2 protein chains.
Amino acid sequence: MKLIFGVDIGGTRIKIGRFTEDGKLLEKWSVKTDLSDHGAHIVPLVAEEIQAHRKARGISEEKVLGIGMGIPGPVAPGGFVEKCVNLHWNAFNPVTELARFFPNHQIRAENDANVASLGEYFQGAGRNVSSMMMVTLGTGVGGGVILDGRILVGAHGIAGEIGHIAADPTQEEICNCGNRGCIDQCASATGIVRKAEKLLASVDQPSALRDFETLTAKEICDCAKEKDPLAIRVIEECMYPLGVGLAYFSHAFDPEMYVIGGGVSLAGEVIIKAVQKGYQEQFFLTKKKADIRLAELGNDAGITGACALIAKE
Amino acid sequence: MKLIFGVDIGGTRIKIGRFTEDGKLLEKWSVKTDLSDHGAHIVPLVAEEIQAHRKARGISEEKVLGIGMGIPGPVAPGGFVEKCVNLHWNAFNPVTELARFFPNHQIRAENDANVASLGEYFQGAGRNVSSMMMVTLGTGVGGGVILDGRILVGAHGIAGEIGHIAADPTQEEICNCGNRGCIDQCASATGIVRKAEKLLASVDQPSALRDFETLTAKEICDCAKEKDPLAIRVIEECMYPLGVGLAYFSHAFDPEMYVIGGGVSLAGEVIIKAVQKGYQEQFFLTKKKADIRLAELGNDAGITGACALIAKE
């Protein structure tokens, strides 16, 4: 059986995994991302890391099927990246660049959120379904759609962008996108902190949240897991609009499953329950509904999806 | 070049078209739908009509590539129809039934709204795009999604069901689906009449609409085309939520184009403008937006899409 390297290039670290061609993770490591010289050293570093790893393990070049990459920005068909703020790239093609080091191998790159979705589809929560959407709850809210094993990019590159659906009529803030009520403004780590601060200021209810000098989303999620009523209320109010947005999306492309990942999802079932409530209350059309569940691969979703870019060829 | 027959089976009439294999309509006709005996005579009648037409035109059996059908209800893969209220069918497979008459030909069937969308994609407004959604504004509001030439059915058969997105917070009525605010309740012919009656009762403004004893959607659309201000206001208020729903759908599967068809769309550009307003006001993410335009094939969309089921094989 051949081997695949899956690479998840982030603005801080580059994660690399060695996989069997059917997607079993054999070994993984990471290195610091070198952003100097407009990110010109990133791809050579990926090549160097893979070659050194290969040689150290006594793996012949012929044994490697290919290398897949997740990139933190929009990727055009063929791998062209017009602009990637996090990597300081401008008009750069990491696929052709990496192919200079590996001229005899399959090389592919896609947007990292889409790649993480493909990872959950390939080896994680979505491994038994034929269509799936993954929602990543981090600093912002991202999404990736997989239909019949393929990433749905969309005609303008925004398929699955659930973060900018206006589903929260209670919001006063204007989102970065210019709209009001965006899911990004409530279901993200940022949104959770803002909601908690507002609630703490407006009600007298005692809560463990009051013990923190500066609140983070992690602490709020931890308190919710510990059943602190106010923390649970924060999570419920933040996640309900996401459920409403997923109901809209079910009317659009009707996936078999939604997978909720990202740092915020580590709070676990309290997140899923709150999302499900919004979903159920805006979805009347059929009794059969999409399954909503937690992601399973955590930080490995990226390298696994990058592997799937090659394995699924 | 071979020939294809496209069949659009409705509860009132069956429309049949003879096409070249690249989708050019050569001739069309229709017959009354015989609903007796639980719709048992419908498929034999289709077979009889096609055979008689073929013989009358001196077309050999070998010259026929296949027959596609649009069915007014949900169709499972392979053609099985669990229930089709309009045709009185229960647990019936029109594909295997028609294949008894045409054992050497390709036969396919799909839901009629999806088939009409495929028709517009194949030969109508969407003929130059790679992804498209058609919205049919009739007694209700239906939709069909085409991605890369294939109908998107969805995991629960509801992909493209824009009618039951709640996008009109002003609605007081409960939709048949159980929700409130559904697009079906405002952008349909029924919804337009209801909105007009309400407006006429609540404002004093003079309007040509007041001259009708019983209003229909067609009259309201005609008055809007004649620039009657109150009729235009009715159309604008009815279509705005549809534009909002399309913005949600663009965040989901991001098609290149939306095509608006069905009887209500005959009002023309006044519909498109009102839909675009809602769309623009809920879509901030990119400057590149999906094109929204009128359907081009009218009543021929169904037979054309039925032809495409075979031509696109």
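The rules we used
- Residues numbered from 1 in each chain as written.
- Chains lettered and ligands numbered in written order.
- Predicted model: local features only at pLDDT ≥ 70, side-chain atom pairs only at ≥ 80, totals over all residues.
- Heavy atoms only, no water.
- Contact = heavy atoms within 4.5 Å.
- Buried area = accessible area lost by both parts, 1.4 Å probe.
- Salt bridge = Lys/Arg side-chain N within 4 Å of Asp/Glu carboxyl O.
- Polar contact = N/O pair within 3.5 Å; in protein donor to acceptor, adjacent residues only side chain to side chain.
- Helix = DSSP H or I, 4+ residues; strand = E, 2+ residues; numbered from the N terminus.
- Expected span 1.5 Å × (residues − 1).
- Buried < 20%, exposed > 50% of the residue type's maximum accessible area, 1.4 Å probe, protein only.
- Least-squares fit on C-alpha atoms with pLDDT ≥ 70 in both.
- Pairing = 2+ DSSP bridges.
- Axes fitted to C-alpha atoms, helices over the stretch in contact; angles between N-to-C directions.
- Parallel < 35°, antiparallel > 145°, perpendicular 65-115°, else oblique.
- Nonpolar A, V, L, I, M, F, W, Y, C, P; charged D, E, K, R; others polar.
- Phe/Tyr/Trp six-rings, centres within 6.5 Å; stacked < 30°, edge-to-face > 60°.
- Lys NZ or Arg CZ within 6 Å of the ring centre and 35° of its normal.

Undergrad: Where do I start with the interface of chain B and chain A in this structure?
TA: Put simply, an interface is often sized by how much accessible area is lost when its parts join up. At the junction of the two partners, chain B supplies 39 residues and chain A supplies 39 residues. Roughly 2900 Å² is buried in total at the junction of chain B and chain A, and carbon and sulfur atoms are behind 63% of that figure. At the junction of chain B and chain A, the tally comes to zero salt bridges. Across the contact surface, chain B and chain A share 20 residue pairs in polar contact (both at pLDDT 80 or more). Those elements that place two or more of their residues in the side of chain B that touches chain A are β9 (141–147), β10 (150–152) and α8 (229–252) of chain B. Examining the composition of the side of chain B that touches chain A, we find that five residues originate from one element, α8(B), more than from any other.

Undergrad: In this structure, what is going on with helix α4 (residues 112–123) of chain B? I would like to understand it.
TA: Residues and elements named next belong to chain B. Here α4 spans 16 Å end to end across 12 residues, near enough to the 16 Å set by a 1.5 Å rise per residue. Residues of α4 that are buried: Asn-114, Val-115, Ala-116, Ser-117, Leu-118, Gly-119, Glu-120, Tyr-121 and Phe-122. Capping of α4 at its N-terminal end is provided by Asn-111; its side-chain oxygen lies 2.9 Å from the backbone amide nitrogen of Ala-113.

Undergrad: Help me understand helix α6 (residues 189–202) of chain A in this model?
TA: Residues spaced three or four apart along an α-helix face the same direction, because each turn holds 3.6 residues. Residue and element names in this part refer to chain A. For α6, with 14 residues, the first-to-last C-alpha span of 20 Å sits near the 20 Å given by 1.5 Å per residue. The complete set of buried residues in α6 reads Ala-189, Gly-191, Ile-192, Val-193, Lys-195, Ala-196, Leu-199 and Leu-200. Summarising the contacts, the buried residues of α6 are in contact with α5 (184–187), α7 (217–225) and α8 (229–252).

Undergrad: Teacher, can you tell me more about the relation of the copies chain B and chain A here?
TA: Superposition of the two copies of the chain requires a rotation about an axis together with a shift along that axis. Its rotation angle being 180°, the transformation that places chain B on chain A also includes 0.0 Å of axial translation and leaves an RMSD of 0.0 Å. Such values leave the two copies arranged in the relation of a two-fold axis. Comparing interface residues between copies, 100% of those in chain B also sit at the interface in chain A, which points to an isologous, same-surface contact.

Undergrad: Would you explain the pairing of strand β3 (residues 25–32) of chain B in this entry?
TA: On a regular strand, one side chain projects to one face of the sheet and the next to the other, so that they alternate. Residues and elements named next belong to chain B. Sheet topology note: the strand β2 (residues 13–20)/β3 ladder contains seven bridges and is antiparallel. The residue bridging Arg-13 from the neighbouring strand is Lys-32, located in β3. Between β2 and the antiparallel strand that follows it, β3, lie four residues; Gly-23 among them carries a positive phi value of about 95°.

Undergrad: How do you make sense of the packing of helix α4 (residues 112–123) of chain A against helix α10 (residues 301–311) of chain A when you look at a structure like this?
TA: When two helices pack together, their arrangement is captured by the angle between the axes and the distance separating the axes. Residues and elements named next belong to chain A. Interaxial distance between α4 and α10 falls to 7 Å at its minimum, and their mutual angle equals 80°. Overall, the two elements α4 and α10 adopt an arrangement that is roughly perpendicular. Taking contact as the criterion, the partners of Val-115, Ala-116, Leu-118, Gly-119, Glu-120, Phe-122 and Gln-123 in α4 are, on α10, Ala-301, Gly-302, Thr-304, Gly-305, Ala-306, Cys-307, Ala-308, Leu-309 and Ala-311. Broken down by class, the residue content of the contact of α4 with α10 amounts to 10 nonpolar, five polar and one charged.

Undergrad: Would you take a moment to explain the packing of aromatic side chains for this structure?
TA: Each aromatic ring pair is specified by the distance between its two centres and by the angle formed by the two planes. Scanning the model with the defined rule gives nine aromatic pairs over all chains in all. Here the aromatic rings of Trp89(A) and Phe92(A) are separated by 4.7 Å at their centres, their planes lie at 50°, and the arrangement is tilted. Each member of the pair, Trp89(A) as well as Phe92(A), carries the same accessibility label: buried. On the numbers, 5.3 Å between centres and 20° between planes, the contact of Tyr279(A) with Phe283(A) is stacked. Grouping residues by exposure puts Tyr279(A) and Phe283(A) together as buried. Over the ring of Phe101(B) we find Arg100(B), and its NZ or CZ is 6.0 Å from the ring centre.

Undergrad: When you look at the sheet that holds strand β11 (residues 257–261) of chain B in this model, what are you seeing that I'm missing?
TA: Sheets are built from strands that pair by backbone hydrogen bonding, the pairs being arranged parallel or antiparallel. Residue and element names in this part refer to chain B. Spatially, the five strands line up as an open sheet ordered β10-β9-β8-β11-β12, and their pairing is mixed. With partners counted over all chains shown, the strands left at the sheet margins are β10 and β12 (291–294), one partner each. In this sheet, neighbouring strand axes are inclined to one another by 25° on average, regardless of whether the strands run parallel or antiparallel. In the sheet, β11 pairs with β12 via four bridges, with the strands oriented parallel. From the neighbouring strand, Tyr-258 faces β12, where its bridge partner is Ile-292. Across the sheet, α8 is in contact with β8 (131–137), β11 and β12; its angle to β8 comes to roughly 155°.

Undergrad: Would you explain the pairing of strand β5 (residues 81–84) of chain B in this entry?
TA: Residue and element names in this part refer to chain B. With three bridges joining them, β5 and strand β6 (residues 89–92) adopt antiparallel strand pairing. Bridge assignment links Lys-83 to a residue of β6, and that residue is Asn-90. Taking the residues between adjacent antiparallel strands as the criterion, β5 and β6 are bridged by four residues, where His-88 takes a positive phi near 65°.

Undergrad: Would you mind going over the sheet that holds strand β11 (residues 257–261) of chain A with me for this structure?
TA: Residues and elements named next belong to chain A. Taken together, five strands build an open sheet; the order of strands is β10-β9-β8-β11-β12 and the sheet is mixed. Edge positions in the open sheet fall to β10 (150–152) and β12 (291–294), since each of these has one partner strand only. On average, each strand axis in the sheet is inclined to that of its neighbour by 25°, with strand direction left out of account. As paired strands, strand β9 (residues 141–147) and β10 are joined by three bridges and run antiparallel to one another. Residue pairing across strands places Ile-146 opposite Ile-151, the latter belonging to β10. In this fold α8 packs onto β8 (131–137), β11 and β12, with an angle of close to 155° to the strand it touches most, β8.

Undergrad: Got a minute to help me understand the side chain of Glu97(A) in this structure?
TA: Tracing the sequence through the fold places Glu97(A) in helix α3 (residues 94–101). The buried category is assigned to Glu97(A), whose relative accessible area is 16%.

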